[in-house]
Amino acid sequence: MEKHYTESKVKGVSTGTTILAAIFDGGVVIGSDSRASIGGEYVSSKTINKVIQVHDQIFCCIAGSLADAQAVTKAAKSHLSFHSVQMESPPLVIAAASVLKELCYKNKEELQAGFITAGWDRKKGPQVYVVSLGGMLISQSVTIGGSGSTFIYGYVDAKYKPDMTREECQQFATNALALAMGRDNVSGGVVHLVVITEKGVEHVVVPGDKLPRFHDE
Amino acid sequence: MAATASMMPIFQQQISSKNDLVPNWTSEEVSTGTTIMAVEYDGGVVIGADSRTTTGAYIANRVTDKLTRIHDRIYCSRSGSAADTQAIAEVVSYQLGFHSIELDERPLVETAANLFRASCYRYREELMAGILVAGWDRRKGGQVYCVPIGGMLVRQPVAVGGSGSSYIYGYMDSNYKPGLDKNQCLELTASALALAMERDGSSGGVIRLASISEDGVERRVLLGDQLPRFSTH
């Protein structure tokens with residue numbers, strides 16, 4: 001009830017958003033809502049996909065200014081594919097995260113974008129990295145981001161367990177995103193999930209009518 | 001999770017109140033940046049709060065009692081400016097005590113909530129107070145009323161408030177269902193407060209709980225080692 005929510009200072013279209021990534025036994029789930037808005041007043045897209053593929057088994061989720069995020073991921077994709085050709089092998093997830101981090105840190109004055117990078121590689125298996133607004137890079141087993149994430153810190157802290165099964169983790173991610181979308185007015189739409197394992201990548205879209213509903217809905 | 005690690009440039013030596021090197025809590029207002037929660041059950045209510053009062057970055061009181069008695073079966077939990085909420089609670093206690101003597105019976109929770117709302121709305125420009133009013137009366141049983149900043153009044157089966165409340169909306173939405181009994185409500189409140197206290201810098205200390213029913217008020221405190229713990233990741 002206190003004024004904890006600060007006015008969005010992002011100019012233009014912002015992904016006032018909820019993004020999430022979590023490691024399970026054998027892979028990682030990365031997901032987001034699908035709403036893009038201008039100043040929290042007008043929904044400019046109801047079905048935007050914020051889960052962006054930067055390499056075969058590496059995805060990232062964006063939060064902040066949509067324009068900045070798209071520019072950075074475009075640059076990152078090209079760096080990564082060049083890097084992958086040089087190394088003659090698929091890039092490591094940490095390489096992808098580092099590329100994003102370099103771009104965010106070197107251009108911190110101009111940019112307003114944060115990322116969650118998740119993927120699978122042969123060296124360390126499933127991993128999740130967070131690149132925050134100023135360019136900090138850390139590794140976590142579960143992470144949430146975006147304006148809607150404040151409402152689900154308690155839920156994620158209580159419900160996440162390491163070594164869940166794929167189905168449990170998918171359900172956990174869907175529930176967390178649905179709860180955040182229920183409380184944050186700049187998050188909404190459908191839930192986009194991407195499940196990444198050694199075998200490959202699967203996209204899951206949970207439309208509005210299939211979202212979990214809670215006691216007051 | 002935007003935690004920006006800021007590096008101090010060596011050549012800039014700015015010792016000002018904006019600089020963390022010089023604490024300025026002596027000039028900051030005392031705030032109960034906090035987490036408070038109240039839940040209705042059949043036959044009563046459970047009300048809970050953390051115990052941290054801050055002046056800026058300094059914790060002025062780490063064992064605060066934010067659950068304030070307004071009447072025998074009516075309590076409120078306070079968030080926002082400590083001075084404002086204490087003053088309002090005193091005024092409402094007085095008004096309600098007087099009203100109850102006139103009536104010659106226990107006052108209604110809705111009456112108490114309306115008295116809070118009247119003060120909070122009339123002086124909305126000057127005050128910073130978010131209050132949960134919870135209690136039991138003969139007419140409607142256990143009730144929880146929410147009077148947030150601005151002076152709105154709404155009854156809810158479960159309500160949270162304070163700076164730490166944002167972090168537990170998701171947990172509350174997914175774990176509350178109608179028809180819980182008293183012990184389930186106590187567990188839900190304790191867990192939710194513990195989760196918020198872990199994430200909110202302005203909330204912490206111990207958990208104070210009270211359950212109010214026709215039979216009376218039962219108060220308990222959960223100290224450090226008794227706080228619900230969740231797997232760390």
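What you are looking at is a predicted structure, and each value in this text was computed from that prediction instead of being measured.

> What is the right way to read the overall build of chain B from this model?
In terms of regular secondary structure, chain B is built from four helices and 13 strands. Taken across its 233 residues, chain B has 49% of its residues classed as buried. A separation threshold of at least 6 residues defines the contact pool for chain B, and within that pool the share at least 24 residues apart is 62%. Surface summary for chain B: the accessible area is close to 11800 Å², and the carbon and sulfur share equals 49%.

> Looking at this structure, I do not really get the UniProt feature "active site" (unreviewed entry) in chain B. What am I missing?
Residues and elements named next belong to chain B. Under the present numbering, the feature "active site" (unreviewed entry) in UniProt falls on T34. Topologically, T34 is positioned in the loop between strand 1 (30-32) and strand 2 (36-41). The residues touching T34, leaving out its near neighbours within four places in the chain, are D50, K66, R78, S79, G161, G162, S163, G164, S165, D200, S202 and S203.

> Before we go on, may I ask you to explain the nonpolar core in this structure?
As a rule of thumb, soluble globular proteins bury nonpolar side chains together. Within the largest apolar cluster, 72 residues are counted, with the highest numbers of intra-cluster contacts made by I30, Y160 and F172 of chain A together with M37 and I207 of chain B. The next biggest cluster of nonpolar side chains, apart from the first, holds 24 residues, and it includes C60, L66, L80 and C104 of chain A.

> Please clarify how the interface of chain B and chain A should be interpreted in this entry.
A common way to state how big an interface is: give the accessible area lost once the parts meet. Between chain B and chain A, the residue contacts involve 39 residues of the former and 31 residues of the latter. In this assembly, chain B packs against chain A so that about 2800 Å² is buried in total across both faces, 62% of it on carbon and sulfur atoms. Connecting chain B to chain A are two salt bridges. Linking chain B to chain A there are five residue pairs in polar contact (both at pLDDT 80 or more). Among the elements of the structure, strand 7 (74-81), strand 8 (129-137), strand 11 (158-161), helix 3 (169-175) and helix 4 (182-199) of chain B are those that each provide at least two residues to the side of chain B that touches chain A. The leading source of residues in the side of chain B that touches chain A is helix 3 of chain B, at seven residues.

> Help me out: how do you make sense of the environment of L115 of chain B in this one?
Tracing the chain through its elements places L115 of chain B in helix 2 (residues 109-122). Every residue in contact with L115 of chain B, bar those within four places of it in the chain, is listed here: V92, Q95 and L96 of chain B.

> Help me out: how do you make sense of the UniProt feature "active site" (unreviewed entry) in chain A in this one?
All names here are of chain A. Per the UniProt record, "active site" (unreviewed entry) is annotated on T17. The residue T17 is located in the loop between strand 1 (13-15) and strand 2 (19-24) in this model. Those residues in contact with T17 that sit more than four places away from it in its chain are D33, K50, I62, A63, G145, G146, S147, G148, S149, D184, V186 and S187. Within the local environment of T17, its side chain forms a polar contact with the side chain of D33, the two groups lying 2.7 Å apart.

> Please clarify how the packing of helix 1 (residues 82-103) of chain B against helix 2 of chain B should be interpreted in this entry.
The description of two packed helices rests on the angle between their axes and on the distance between the axes. Residue and element names in this part refer to chain B. Look at helix 1 against helix 2: their axes get within 10 Å of each other, and the N-to-C directions meet at 135°. Taken together, helix 1 and helix 2 sit at an angle that is classed as oblique. The interaxial crossing formed by helix 1 with helix 2 has right-handed handedness. In this structure, helix 1 contributes I88, A89, V91, V92, Q95, L96 and H99 to the contact, and helix 2 contributes T111, A112, L115, F116, S119 and C120. Looking at the contact of helix 1 with helix 2 residue by residue, the classes come out as nine nonpolar, four polar and no charged.

> Can you help me understand the pairing of strand 9 (residues 141-147) of chain B in this one?
Moving residue by residue along a regular strand, the side chains alternate between the two faces of the sheet. All names here are of chain B. Counting buried positions along strand 9 gives seven out of seven residues, so the element sits mostly inside the fold. The sheet contact formed by strand 8 and strand 9 spans seven bridges and is antiparallel. Residue pairing across strands places V133 opposite Y145, the latter belonging to strand 9. Between strand 8 and the antiparallel strand that follows it, strand 9, lie three residues. In terms of strand pairing, strand 9 meets strand 10 (residues 154-155) through two bridges, oriented antiparallel.

Quick notes on the rules
Residues numbered from 1 in each chain as written. Chains lettered and ligands numbered in written order. Predicted model: local features only at pLDDT ≥ 70, side-chain atom pairs only at ≥ 80, totals over all residues. Heavy atoms only, no water. Helix = DSSP H or I, 4+ residues; strand = E, 2+ residues; numbered from the N terminus. Buried < 20%, exposed > 50% of the residue type's maximum accessible area, 1.4 Å probe, protein only. Contact = heavy atoms within 4.5 Å. Areas by Shrake-Rupley, 256 points an atom, 1.4 Å probe, with all protein chains shown as cover. UniProt positions renumbered as here; feature names shortened; annotations may be inferred. Core = buried A, V, L, I, M, F, W, Y, C linked by side-chain atoms within 4.5 Å. Buried area = accessible area lost by both parts, 1.4 Å probe. Salt bridge = Lys/Arg side-chain N within 4 Å of Asp/Glu carboxyl O. Polar contact = N/O pair within 3.5 Å; in protein donor to acceptor, adjacent residues only side chain to side chain. Axes fitted to C-alpha atoms, helices over the stretch in contact; angles between N-to-C directions. Parallel < 35°, antiparallel > 145°, perpendicular 65-115°, else oblique. Left-handed = near helix turned anticlockwise from the far one by under 90°. Nonpolar A, V, L, I, M, F, W, Y, C, P; charged D, E, K, R; others polar. Pairing = 2+ DSSP bridges.

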